[in-house]
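# Survey of secondary and tertiary structure
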Amino acid sequence: MLAGKKIIIGITGSIAAFKIPILVRLLIKEGAEVQVILTENARDFVTPLTLSTLSKRPALTFPFDKKDGTWNSHVDMGLWADLMLVAPASAATLSKMASGMADNLLVTTYLSAKCPVFFAPAMDLDMFKHPATIENIAKLVRRGDRLIEPQTGELASGLSGAGRMEEPENIVAMLKSYYETGKSLKGKNFLISAGPTYEAIDPVRFIGNYSSGLMGFALADEAALRGANVTLIAGPTHLTVSHRAIQRFDVVSASEMYDAVMENFGLADVTIMSAAIADFTPENVATEKIKKSQGLEYIKLKPTIDILASLGKQKSQNQLLVGFALETENEFENAGQKLDTKNLDLIVLNSLKDSGAGFGVSTNKITILDKNRNLLHFDLKSKKEVAADILDKITELL
Ligand code: CTP
């Protein structure tokens, strides 16, 4: 998949730079052509000689070679590359990329590049959590650059948390899967719902659930990466999408989710309802804040519309409908029943009995059930990988 691909690796001043010679070696072994650009600070962590030797090309830092006056043209390199990977991406370089501060060869090349850009942040956890870094990453992602999420673990500072650069082997696997799956869903329209819904009690209180939206957002990102046009209907969540091809609509309540999904269903080839939609909503919403002194013995609830069941009734033969089932007991029977009664093509089952699965965690363990009662069991994986498994199965059906 990577043979013959022209890849620029931009290395910045972070201790994780020590992993990049291995990354370069792995890419060269895959048959890629690699041009390394390293910032001046990166040279304190890894030597140009090592990188030049492994990449079989001079590793560059300066726009001009002062010895022979050669110009290392960022414009030419930007046109040459099929892909640019900034790894490790330090907080400073992320900020320069986000603001267009082109004061070194790496950032000028980034601004000239016409190809997809991946970036793998690496820094201490407090720097990674800082609103400035979060905003810079969100800005890059909104523009279509692809974030390679840092891992959580022990950091060079001795602290433990998010900020550790993804391992070179996994970065190579991601780049391969980008090329492998890049076109498989081209032209398909996906409608995906994600996150929880909030049902208002009064202007300041609601009934909600613990859904983070991670699974639905991972599905939206992965489908877009595979070439689909994605409409994402998101309940309340702080998550951001990583891809330009995703059109996002934010909703709050089950009834707003219903309206948004219905409005977009007609054009959808595939609809995946991964949102955790409230089954009940308060019958009356107080217009003013309910005062403690008023007392509140109970909140009377009425059922919400089952969106998935409504879609099941409407769907045409060439539309695929995929539901989720979150169960705590009799998982397979309950999921099978939902598949039949809601007229689904597939149902993705999460069991809360499995640790690491379900709401609020970055991993999931699923079983996919089809109309013929075939069960496809998967191991505990990151939600990103789970999204890829679900889309592989959908692609098979398409
Ligand atoms: N769902 C929906 N509309 C609702 C409630 C749920 O479209 N008002 C969808 C969810 O997005 C999910 C599927 O239905 O894809 C199953 O949700 P789940 O809560 O597991 O099942 P329910 O059908 O609500 O049944 P129960 O809560 O009794 O298990």
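Values in this document were obtained by computation on a predicted structure and should not be read as measured data.

Along helix α4 (residues 91–99), the residues classified as buried are Ala 91, Thr 93, Leu 94, Met 97 and Ala 98. The arc that holds every buried residue of α4, seen down its axis, measures 165°, which confines them to one face. Where the residues of α4 are buried, they touch β3 (83–89), α5 (105–112), β4 (117–121), α6 (125–129) and α7 (131–142).

The next point concerns the packing of aromatic side chains. Think of a pair of aromatic rings as described by two things: how far the centres are apart, and how the planes are tilted against each other in angle. This structure, assessed with the given rule, holds three aromatic pairs. Ring centres of Tyr 198 and Phe 206 lie 3.8 Å apart, and the angle between their planes is 10°; on these two criteria the pair is classed as stacked. Given the relative accessible area of 27%, Tyr 198 is considered partly exposed. Under the relative-accessibility criterion, Phe 206 is labelled partly exposed at 42%. Above the face of the Tyr 179 ring, Lys 5 is positioned so that its terminal group lies 4.6 Å from the ring centre.

We now examine the domain arrangement of the protein. Much of the literature gives interface size as the accessible area that the parts lose upon coming together. Split into domains, the protein comes out as domain 1 (6–181) and domain 2 (189–397). The interface of domain 1 with domain 2 comprises nine residues on the first partner and eight residues on the second. Run the count over domain 1 and domain 2 and you get zero salt bridges. The interface formed by domain 1 and domain 2 holds zero residue pairs in polar contact (both at pLDDT 80 or more) in total.

Moving on, we come to the sheet that holds strand β12 (residues 246–250). Taken in spatial order, the eight strands line up as β12-β11-β8-β13-β16-β17-β19-β20 in an open sheet, and their pairing is mixed. Of all the strands in the sheet, the pair left with one neighbour each is β12 and β20 (375–377). Here the average twist between neighbouring strands, direction ignored, is 15°. Sheet contacts for helix α11 (residues 307–314): β13 (270–273) and β16 (320–327); angle to β16, the most-contacted strand, approximately 155°.

Here is what the cut-offs are and how they apply
Residues numbered from 1 in each chain as written. Predicted model: local features only at pLDDT ≥ 70, side-chain atom pairs only at ≥ 80, totals over all residues. Heavy atoms only, no water. Buried < 20%, exposed > 50% of the residue type's maximum accessible area, 1.4 Å probe, protein only. Helix = DSSP H or I, 4+ residues; strand = E, 2+ residues; numbered from the N terminus. Arc of directions from axis to C-beta. Contact = heavy atoms within 4.5 Å. Phe/Tyr/Trp six-rings, centres within 6.5 Å; stacked < 30°, edge-to-face > 60°. Lys NZ or Arg CZ within 6 Å of the ring centre and 35° of its normal. Domains from an automatic or database assignment. Salt bridge = Lys/Arg side-chain N within 4 Å of Asp/Glu carboxyl O. Polar contact = N/O pair within 3.5 Å; in protein donor to acceptor, adjacent residues only side chain to side chain. Pairing = 2+ DSSP bridges. Axes fitted to C-alpha atoms, helices over the stretch in contact; angles between N-to-C directions.

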